[in-house]
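Spelled out, the chains give:
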Amino acid sequence: MQYKNRGVTLERLELLLNGRSYPDKYAISIRSQLYGESADPTRLVVLRDTGNILFPAAKARLAEFVPCKIGNTFGPSWHTHWFYVELQLRPEWLKDQDEIHLLWDSSSEAMIYNMEGKPLQGMTGGDNTDDEYRNSYVVYRKGHREDVDPSGVVRFFVEMACCQRSGNFFNGNMEEGLDMNKMFRLAQCQLSVFNRDAWDLMLDFRLLVDCAKHLDTTQQSRADEALHIANEIVNRCKPIDPATYPECRELAKKFLSVANSSAQHTVYAVGHCHIDMAWLWPFSETRRKGGRSWSSQTELFKQYSPFNFCASSASLYEWVQQDYLLLFKEMQMYAGEGRFQPVGGSWLEFDGYVPAGESMVRQLLYGQRFFKKNFGKYCDVFFLPDTFGYSAQLPQIIRLGGMRYFFTQKLSWSRFNKFPHSSFNWKGIDGSCVLTHFPPSDTYCGQGDMNDILMSQTSFKDKGRSNCSLYLFGIGDGGGGPLPQMIGKLQRMKDVAGIPKVTLSESVSGFYHHLEATSHDLMTWDGELYLEFHNGSYTSMGHNKKCNRICEFLMRDAEMFATFRSIVVDGDSKNYDRKLYDEIWKKMMLFQFHDVLPGTCIRLVYDVTDKEYAVMIDQLKTNIEGSLRSLCNSFLGPDIAKDKGTNTVVLYNSFNFDRDDVLEWVDGDKRKFSRVTVKGMGCAAYPVSILDKLHIKTEECSCLERADTIAIDTPLLALVLSLDGQLLSMKDKSTMEYGEPKTMREIIAGDAIYPGGNTVCIHDDVPINWDAWDLWVYYQETRRVLKAYEHTVAKDAQSVIVTFKYTISEKSSMVQKVVAYNHTKRVDFVTTVYWHEDHKVLRTYFPLAIRTDFVTCDIQCGNLKRPTVANTSWDMAKYEVCSHKFVDMSEAKYGAALLNNCKYGYSARGNLLGMSLLKSPKTPNDMADMGTHEFTYSLYPHQGTHTVLF
Ligand SMILES: [Zn+2]
């Protein structure tokens, strides 16, 4: 080889590989020789705009199909067109050495069916790069001629879905907004002779080029060996002359056949296709993405072995079972062979922070139940590769869901700190552990490139403890999973000196078994796996999150009271509407998907969830009422129940702790308040006469309006509000210290920036990217404190209500009722916001007279401590965290909790508790969060620590 400039030689290699700027007609590259002779369709007809119909309905209307031409355009976005195509193979093609492909590119996603309605393969055309393009289906291969009739005619139906792999946006750019009128060109429909010899040489050569480019030149000579051999191949290969290929492949073999030692790192490569249940497309499209993607993989099983594929999300399996039964049966067959591998054990890949504990439990219950029923066994690997952070409660739920292993990679997206492990034990808040693996290639959508395989070794962080890693490859969403060339590339890396060994024959579960058996002294990570990214997703699409919270609460009551009714009243389950609860749970779980609940989908998705949540909430309320009426009649007995005078009130407590609380009730036209007690998960009957006697005797709240403040006195607190709406002072009258009454304790510690509790601020919120997903730390650097322009005071026997009105901007406003009660220290902020902002975040702050270095956050089935300090970069990164019903800031003997009825994003720095109320991102949904929002948050001071909340 005559070279002194490595760069020039490498660029020359690229010429043979892909031709660079030379069009295929000049036959510079091997790629240009992949396809030879071709034949256009003998018949091409279409039925336009069918809606989302299934194959039988499309075939039944074949008589209505009309002729169309290659080059015609179809649309608009999300519409469906069904094609029927006939093509004729030439007799001379039907020799054993030939391989004939159907090439289809409708600039969109599409699915090919045979005449019996079996989905054969998905297609992904359009403006994807070559490495993402799936446009060929193998019609005829080395004697296999399933789709070819004796006269050489092939017939297919093709379902064209007017969507692109990553949604339909103007100029393909999410930031430019949804293009509802996008049109798609039928660019290609033909049979073509495939040149497998050229394909094999191309993949051999590509690996050589990658080795020349990427292997370490300082430690070994393999990179230079590869460069020399590849250069020699360029000298000898005449792309247009297949007779030159064998000697070139022999040259390549000289390099590729040199094996590693047994000490080499092993990469377990498993095909995968990450499918978001809804994101930049509606739910209805995902049903079809499942069919397209998974049929593409069963088709590849026929061509490549060893090669396995894994897929999560029982709900998507159920959709495929409903819409593509023939495909589902094929998947079951391949699952029996260990090739199609269900993973995850969950209903779908849910959000890891916002769903309640019971929701997470149900995700695993419904998922594992489905997999056991349809695939004969439970999954043992929990699988959330793309979720935006992982609750510290998950290890226990995973273990109780019958799994020991966990897979994700999302923490590689963290912005500030590199997670220190690849293979480790993850410990949850109860002490449960799961063996966890983050693929060091930092992807779950690999392309089978050598670089990924090298990275699997170089970025592996637990060297010395283990020597293997997992690699998931395949294009997600509309891309259909692995492409043939990915498998071809990985097959070639089975054992090539200098590159980690690659095995394609193992399962995801098998990888973990191997990891468990061969690793030693793995490290432990205790607590949450916090993603230092996407922390705006705790707040985006607030109404959607509120509906999820309401449904979670209602569902608990509905199932519990229906169970009580079955046991106490009916003696059987005839009135237990399990079918309805199953249906609602499935929808709730679907809407907890890791883009839907975080608020990061396009508008079309929330059009569906808004409607469905309203129906679910209605159904659950109706069922709760039915159960309670039945229980009430039973409890009171037939005699009292008949007494329509209803002189007795039956109270139910669905919590598992006893309640001693104030009941608000109406006697004629009078509101009354009575102190009542009800056992945990129990009920109590109160005759009205008794309720009357139990009216609260504590002294009434008083309110004094001064020139610049409003002073409220309750039996428990002394409050001072500014006329701007801030809580300047909150003193606890019942403070005790060392068993003795203490001078009233001040809870608020305002300063110049945050003069009081409930300082409501509006900040600029322009993420560097990922608009709906992120709240970047610099939002804190811009701030405008909102000041009420008007207030009114109202008072009754139970409470004082001060209503403040705010102007947020010309477009937005807020009305807030600050409510102080005479029976509790809790102060409520009942809020209505008319929100029409662009790139702003609305937050409230409470500077507290509390000195602590951590807060206690409510999470699934437990709580978690998080730092209030920012000493380290790990502490600093938690400037916005997810909490459920409360965040509590306590010293040893005193504290205060910030409660909410539907919010999830908090900050805690120093003595300042903050809560995110509303965001206003424009991408991918330019109407996100626009409109009216109602929510309540509360400040609850208390003696002792957060444990008083239980
Ligand atoms: Zn995803």
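Treat the numbers as computed from the prediction; the structure is a model and nothing was measured. (Residues numbered from 1 in each chain as written. Predicted model: local features only at pLDDT ≥ 70, side-chain atom pairs only at ≥ 80, totals over all residues. Heavy atoms only, no water.)

Caption draft 1: Broad picture of the overall build of the protein chain. Counting secondary structure elements, the protein chain contains 18 helices and 48 strands. For a compact globule of 950 residues, the expected C-alpha radius of gyration is about 30 Å, and the protein chain comes in at 32 Å, within 12% of that figure. Its C-alpha atoms give the protein chain principal-axis dimensions of roughly 100 × 65 × 55 Å. The buried share of the protein chain, reckoned over its 950 residues, is 59%. Contacts in the protein chain between residues far apart in sequence, at least 24 positions, make up 72% of those at least 6 positions apart. Of the roughly 37100 Å² of accessible surface on the protein chain, a fraction of 51% belongs to carbon and sulfur atoms. Computed over 106 positive and 116 negative side-chain charges, the separation of the two mean positions in the protein chain equals 1 Å. (Helix = DSSP H or I, 4+ residues; strand = E, 2+ residues; numbered from the N terminus. Rg over C-alpha atoms; globule rule 2.2 N^0.38 Å. Buried < 20%, exposed > 50% of the residue type's maximum accessible area, 1.4 Å probe, protein only. Contact = heavy atoms within 4.5 Å. Areas by Shrake-Rupley, 256 points an atom, 1.4 Å probe, with all protein chains shown as cover. Lys, Arg positive; Asp, Glu negative; His and termini not counted. Charge placed at Lys NZ, Arg CZ, Asp CG, Glu CD.)

Caption draft 2: Structural detail: the environment of Y245. By the secondary structure assignment, Y245 is in helix α5 (residues 245–256). Judged by relative accessible area, which is 3%, Y245 ranks as buried. The residues contacting Y245, other than those within four sequence positions of it, are Q33, N195, D197, A198, L201, C237, K238 and P239.

Caption draft 3: A look at the packing of helix α9 (residues 357–375) against helix α15 (residues 578–590). Running from N to C, α9 and α15 cross one another at 110°; their axes reach a closest spacing of 10 Å. What the angle tells us is that α9 and α15 run roughly perpendicular. Facing α9, whose interface residues are E358, S359, R362, Q363, Y366 and R369, α15 presents R578, Y581, D582, W585, K586 and M589. (Axes fitted to C-alpha atoms, helices over the stretch in contact; angles between N-to-C directions. Parallel < 35°, antiparallel > 145°, perpendicular 65-115°, else oblique.)

Caption draft 4: Molecular detail of the sheet that holds strand β1 (residues 35–39). A sheet is described by the order of its strands in space; here four strands give the open sequence β1-β12-β6-β9, paired in antiparallel fashion. Looking at the sheet topology across the chains shown, the edges are occupied by β1 and β9 (136–141). When strand polarity is set aside, the average angle formed by the axes of neighbouring strands in this sheet is 30°. Judged from the five bridges that link them, strand β6 (residues 99–105) and β9 form a sheet pairing that is antiparallel. Looking at the pairing, L102 lines up with Y137 of β9. (Pairing = 2+ DSSP bridges.)

Caption draft 5: Representation of the coordination of the zinc ion in the model. Coordination of the zinc ion by the protein involves H274 (NE2), D276 (OD), D386 (OD) and H594 (NE2), with metal-donor separations of 1.9 to 2.1 Å. Geometry at the zinc ion is irregular, judged from its four donor atoms and the angles of 90 to 157° they form at the metal. Between the donor residues of the zinc ion, the gaps in sequence give the motif H-x1-D-x109-D-x207-H. Of this pair, H274 sits in the loop between β13 (266–272) and α6 (283–303) while D386 sits in the loop between β16 (381–383) and α10 (394–400), placing them 112 residues apart in sequence. The class for D386 is buried, based on a relative accessible area of 7%. (Donors = N, O, S within 2.8 Å, 3.2 Å for Na, K, Ca; no water. Tetrahedral: all angles 85-135°; square planar, octahedral: opposite > 155°, others 65-115°.)

Caption draft 6: Spotlight on the packing of aromatic side chains. For the structure shown, the criterion picks out 62 aromatic pairs. Where F328 meets F375, the ring centres are 5.7 Å apart and the plane angle is 70°; that geometry is what we call edge-to-face. In this pair, F328 sits in helix α8 (residues 325–336) while F375 sits in helix α9, placing the two residues 47 residues apart along the sequence. F375 sits in the buried class, given a relative accessible area of 15%. Every member of this aromatic cluster is reached through a ring pair, and the members are W294, F309, Y317, F328, F340, W347, Y366, F370, F371 and F375. The side chain of R369 reaches across the aromatic face of Y366, ending 5.4 Å from its centre. (Phe/Tyr/Trp six-rings, centres within 6.5 Å; stacked < 30°, edge-to-face > 60°. Lys NZ or Arg CZ within 6 Å of the ring centre and 35° of its normal.)

Caption draft 7: Spotlight on the pattern of salt bridges. This structure, assessed with the given rule, holds 58 salt bridges. Between E37 and R90 there is a salt bridge; the shortest N-O distance is 3.3 Å. Here E37, found in strand β1, pairs with R90, found in the loop between β5 (80–88) and β6; they are 53 residues apart in sequence, far enough to count as distant. D449 is paired through a salt bridge with R206; the nearest N and O atoms lie 3.3 Å apart. Here D449 is found in the loop between β19 (433–437) and α11 (450–458), whereas its partner R206 is found in helix α3 (residues 196–214), with 243 residues between them in sequence. (Salt bridge = Lys/Arg side-chain N within 4 Å of Asp/Glu carboxyl O.)

Caption draft 8: Representation of the side chain of S907 within the structure. Relative to the elements of secondary structure, S907 occurs in strand β46 (residues 905–909). A distance of 3.1 Å separates a polar atom in the side chain of S907 from a polar atom in the side chain of R843. S907 has contacts with Y779, R843, Y845, Y879, E880, L912, L913 and G914, leaving out every residue within four places of it along the chain. (Polar contact = N/O pair within 3.5 Å; in protein donor to acceptor, adjacent residues only side chain to side chain.)

Caption draft 9: Region of the structure containing the environment of A278. Considering the arrangement of structural elements, one finds A278 in the loop between β13 and α6. Residues A278 and P924, 646 residues apart in the sequence, show an inter-C-alpha distance of 12 Å. Here A278 is in contact with F283, T286, F593, D595, V596, C601 and V605, once residues within four sequence places are set aside.

Caption draft 10: Looking closely at unusual backbone geometry. For the peptide bond that leads from G75 to P76, omega is -10°, which places it in the cis range. Looking at the element boundaries, P76 is found in the loop between β4 (73–74) and β5. Looking along the chain, the bond that leaves T923 and enters P924 is cis, with omega of 5°. Positive phi values are uncommon outside glycine, yet D49 reaches one of about 55°. With respect to the helices and strands, the residue D49 is situated in the loop between β2 (43–47) and α2 (55–60).

Caption draft 11: Geometry of the sheet that holds strand β45 (residues 894–900). As summarised here, the arrangement of the nine strands in space is β36-β37-β38-β39-β48-β45-β44-β41-β42, forming an open sheet in which the pairing is antiparallel. Of all strands in the sheet, those bounded by a partner on one side alone are β36 (788–795) and β42 (862–867). The average undirected angle you get between the axes of adjacent strands in this sheet is 20°.

Caption draft 12: The packing of helix α7 (residues 314–323) against α8, seen in detail. Two elements in contact, α7 and α8, have axes separated by 5 Å at closest approach and are oriented at 125°. With respect to α8, the axis of α7 lies oblique. Residues Y317, V320, Q321 and D323 of α7 lie in contact with α8, whose contacting residues are L325, L327, F328 and M331. Partitioning the contact of α7 with α8 into residue classes produces six nonpolar, one polar and one charged. (Nonpolar A, V, L, I, M, F, W, Y, C, P; charged D, E, K, R; others polar.)

Caption draft 13: Highlighting a nonpolar patch on the surface. Together, I567, V568 and V569 line one region of the surface with nonpolar side chains, adding up to about 270 Å² of accessible area. Examined against the element boundaries, I567 turns out to sit in helix α14 (residues 542–570). (Patch = residues over 30% accessible without salt bridge, like charges linked within 9 Å, V, L, I, M, F, W, Y side chains within 5 Å.)

Caption draft 14: The pairing of β6, seen in detail. Here β6 lies mainly inside the structure; seven of its seven residues are buried. With burial as the criterion, each face of β6 is covered, one bearing E99, H101, L103 and D105 and the other bearing I100, L102 and W104. Sheet topology places β6 next to strand β12 (residues 188–194); seven bridges connect them, and they run antiparallel. Within the sheet, the bridge partner assigned to W104 lies in β12 and is C189.

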